[in-house]
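Chain by chain, the residues run as shown.
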Amino acid sequence: MRVVRGREGANPSQRPSKTFSGEVRADSVLGREDGAMVLTVVFSPGARTHWHSHERGQVLFITHGRGLVCTRDGDRRWVTGGDVVHFPPGEEHWHGAGPDTFMVHTAVSMGATDWLTEVTNAEYVESHA
Ligand code: MN
């Protein structure tokens, strides 16, 4: 057993930009453990991930705010604090904040992440039209 108090280590919150659009902060809660990675991510309004998929799937625990989750086949949903989202292995998707609200989630990502293209402004607007 291993207990992590809030977040792992003394590393500063990351500011990833290559695989996200907009202002995002990511905090490592639990590093790779048996191929699973746990990150808490704060998305500013309009910020989102690029399109991507997870080798063995992903679970998102939406903890605060209001945001969007979208899959390549056109499933588009609003999510809010308390919602839990599962993406099966290989499903192409993105997640992010609403246009005028922040969104915070804790993500449990299993296996490698395959990063794809950015979510264009047109795709983003369409997601909540
Ligand atoms: Mn994901």
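It should be noted that the structure appears before, not after, this text.
One structure accompanies this document, and this report is about it. Being a predicted model, the structure only gives us computed values, none of them experimental.

Overview of the pairing of strand β9 (residues 93-97)
Alright, step 1. The buried fraction of β9 amounts to five of the five residues, a majority that puts the element mostly inside the structure.
Alright, step 2. By the bridge criterion, five bridges tie strand β6 (residues 58-71) to β9 in an arrangement that is antiparallel. From the neighbouring strand, Val69 faces β9, where its bridge partner is His95.

Examining the coordination of the manganese ion
Alright, step 1. Within the first shell, the manganese ion binds the protein through His52 (NE2), His54 (NE2), Gln58 (OE1), His93 (NE2) and His95 (NE2), at distances of 2.1 to 2.3 Å.
Alright, step 2. If you list the donors of the manganese ion from N- to C-terminus, the spacing comes out as H-x1-H-x3-Q-x34-H-x1-H.
Alright, step 3. On the basis of relative accessible area, Gln58 is assigned to the buried category, the value being 2%.

Examining the pattern of salt bridges
Alright, step 1. As enumerated under the stated definition, the model contains seven salt bridges in all.
Alright, step 2. Between Arg15 and Glu23 there is a salt bridge, and its shortest N-O distance comes to 3.0 Å.
Alright, step 3. Taking relative accessible area as the criterion, Arg15 reaches 53% and is therefore assigned exposed.
Alright, step 4. Judged by relative accessible area, which is 34%, Glu23 ranks as partly exposed.
Alright, step 5. The network of salt bridges with common partners includes Arg15, Glu23 and Arg25.

Quick look at the pairing of strand β8 (residues 84-87)
Alright, step 1. Residues Val85 and Phe87 line the buried face of β8, whereas the alternating positions Val84 and His86 sit on a face that is not buried.
Alright, step 2. Where β6 meets β8, four bridges bridge the pair, whose relative direction is antiparallel. The partner of Phe61 across the bridge, within β8, is Val84.

Considering the nonpolar core
Alright, step 1. Ranked by size, the top nonpolar core spans 16 residues in total, and within it Val24, Val41, Phe43, Leu60, Val69 and Val85 carry the most contacts.
Alright, step 2. Elements supplying a minimum of two residues to this core: β2 (24-33), β3 (36-43), β6, β8 and β10 (103-110).
Alright, step 3. Contact partners of Phe43, with chain neighbours within four places excluded, come to Phe20, Glu23, Val24, Arg48, Thr49, His95, Gly96, Ala97, Phe102, Met103 and His105.
Alright, step 4. Among the nonpolar cores identified, the runner-up in size contains six residues, and Trp51, Leu68, Cys70 and Tyr124 belong to it.

Some remarks on the packing of aromatic side chains
Alright, step 1. With the rule as written, the count across this model stands at three aromatic pairs.
Alright, step 2. Plain terms: the ring middles of Phe20 and Phe43 are 6.0 Å apart, the flat faces sit at 45° to each other, and that makes the pair tilted. One end of the pair, Phe20, is in strand β1 (residues 20-21); the other, Phe43, is in strand β3, with 23 residues separating them in the sequence.
Alright, step 3. The exposure class of Phe20 is buried, given its relative accessible area of 13%.
Alright, step 4. On the accessibility criterion, Phe43 (0% relative accessible area) is buried.
Alright, step 5. On the numbers, 5.8 Å between centres and 50° between planes, the contact of Phe20 with Trp115 is tilted. Here Trp115 lies in strand β11 (residues 113-115) and Phe20 lies in strand β1, a separation of 95 residues in the sequence.
Alright, step 6. Classification of Trp115 by relative accessible area gives partly exposed; the value is 33%.
Alright, step 7. Following the ring pairs from residue to residue traces out a cluster consisting of Phe20, Phe43 and Trp115.
Alright, step 8. For the cation-ring pair, Arg48 lies above Tyr124, with the distance from its terminal atom to the ring centre recorded as 4.5 Å.

Rules of the game
- Residues numbered from 1 in each chain as written.
- Predicted model: local features only at pLDDT ≥ 70, side-chain atom pairs only at ≥ 80, totals over all residues.
- Heavy atoms only, no water.
- Buried < 20%, exposed > 50% of the residue type's maximum accessible area, 1.4 Å probe, protein only.
- Helix = DSSP H or I, 4+ residues; strand = E, 2+ residues; numbered from the N terminus.
- Pairing = 2+ DSSP bridges.
- Donors = N, O, S within 2.8 Å, 3.2 Å for Na, K, Ca; no water.
- Salt bridge = Lys/Arg side-chain N within 4 Å of Asp/Glu carboxyl O.
- Core = buried A, V, L, I, M, F, W, Y, C linked by side-chain atoms within 4.5 Å.
- Contact = heavy atoms within 4.5 Å.
- Phe/Tyr/Trp six-rings, centres within 6.5 Å; stacked < 30°, edge-to-face > 60°.
- Lys NZ or Arg CZ within 6 Å of the ring centre and 35° of its normal.

These results come straight from atomic positions and should not be treated as a statement about function.
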